[in-house]
Amino acid sequence: MPENVNPKDLLELAVRLADEAGRLLVQERPRDLGIADTKSSPTDIVTVMDQRSEKLIVEGILAERPDDAILGEEGSDRQGTSGVRWVIDPIDGTVNYLYEIPLWGVSIGVEVDGVTVAGVVEIPMLRETFTALRGDGAYRNGEAIRAYSAQSEGKPVPLERALIATGFGYAAQRRAVQGEIVADLLPRVRDIRRGGSAALDLCSVACGRVDGYFERGAKPWDLSAGALIAQEAGAKVGGLHGAAASDEMTVAAAEGLFEALCGFLEGHDAARDS
Ligand code: IPD
């Protein structure tokens, strides 16, 4: 750990800034909120509130830690010299935010020398703050959480009884493949959920609100904090064939179900776009 770097202090700053950004997003959302810009496809949208939230968080970090690196979904890409990098999604679930569906949040992960050591996912409309420090467990509103649903009684859930969250990309061709895979998975599981926020999906695995999650195309800012929170809650988080979680594929579930879900996805060659 570099000198002058204390993960607890980093988490404290992340929690404060996620809270401030969450309040901004609730209190200052224009009634006539529109789409400010589009990114990878016409359905991949940015609102002025994504931009304001990222600005608030970046300014808050730099006011206290001017030598840190920052990667943010809405364009922040700053090199640093301290060994610390902040990975920010200023609104994860922007489409939900636009449509006033309450499943959106602010996600901030903090890396030291390339390893995520702290993370917060703030879900203002559910009044939930998920946090984790590497090696110190995962928490919702300060209470420890575990990655097992009430139905699982602390044991791995078999695939056929698992509630599985997933997400879809913004490119039409990728979505067509994702639709095929979900169509084949649906008869083999309890049910599927498409909540609309990858960070929240990972936190839902962490607190047992779903049994598992998988998605192709989730980006570092979608995953950074939520993956640490899910791992610290006892879930396995990774990619297919033993790879690390990445935008190729991210899978999260308690041990046992994780392997079953990876097996299904590997069998369907799910990390493909055609
Ligand atoms: C999106 C959400 C969604 C997931 C997409 C992400 P954004 O993030 O997390 O659930 O399926 O892959 O891009 O664009 O709302 O920040």
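Residues numbered from 1 in each chain as written. Predicted model: local features only at pLDDT ≥ 70, side-chain atom pairs only at ≥ 80, totals over all residues. Heavy atoms only, no water.

Brief notes about helix 5 (residues 198-206)
Phase 1: Counting buried positions along helix 5 gives nine out of nine residues, so the element sits mostly inside the fold.
Phase 2: Ala198, Ala199, Leu200, Asp201, Leu202, Cys203, Ser204, Val205 and Ala206 are the residues of helix 5 that are buried.
Phase 3: Looking at the residues trailing helix 5, positive phi occurs at Gly208, about 75°. (Buried < 20%, exposed > 50% of the residue type's maximum accessible area, 1.4 Å probe, protein only. Helix = DSSP H or I, 4+ residues; strand = E, 2+ residues; numbered from the N terminus.)

A few points about the side chain of Asp89
Phase 1: Relative to the elements of secondary structure, Asp89 occurs in strand 5 (residues 84-92).
Phase 2: At 6.9 Å, Lys39 is the nearest oppositely charged side chain to Asp89, a buried residue that forms no salt bridge.
Phase 3: A distance of 3.3 Å separates a polar atom in the side chain of Asp89 from the backbone nitrogen of Ile91.
Phase 4: Dropping the residues within four chain positions of it, Asp89 is found in contact with Glu73, Gly105, Val106, Ser107, Trp221 and Asp222. (Lys, Arg positive; Asp, Glu negative; His and termini not counted. Salt bridge = Lys/Arg side-chain N within 4 Å of Asp/Glu carboxyl O. Polar contact = N/O pair within 3.5 Å; in protein donor to acceptor, adjacent residues only side chain to side chain. Contact = heavy atoms within 4.5 Å.)

Observations regarding the site of the ligand
Phase 1: Among the 15 residues in the neighbourhood of the ligand, the closest are listed as Asp92, Gly93, Thr94, Ala198 and Glu215.
Phase 2: For the ligand, an oxygen atom lies 2.8 Å from a polar atom in the backbone of Thr94.
Phase 3: In a pocket analysis with a 2 Å cut-off to the grid points, the ligand is assigned to the largest pocket.
Phase 4: Looking at which element gives the most residues to the shell around the ligand, the answer is strand 5, with three residues.
Phase 5: Counted by class, the shell around the ligand contains four nonpolar, five polar and six charged residues. (Near = heavy atom within 4 Å. 1 Å grid on protein atoms, 1.4 Å probe; cavity = no way out; pocket = protein on both sides within 12 Å on 5 of 7 lines; lining within 4 Å. Sits in = over half its atoms within 2 Å of the grid points. Nonpolar A, V, L, I, M, F, W, Y, C, P; charged D, E, K, R; others polar.)

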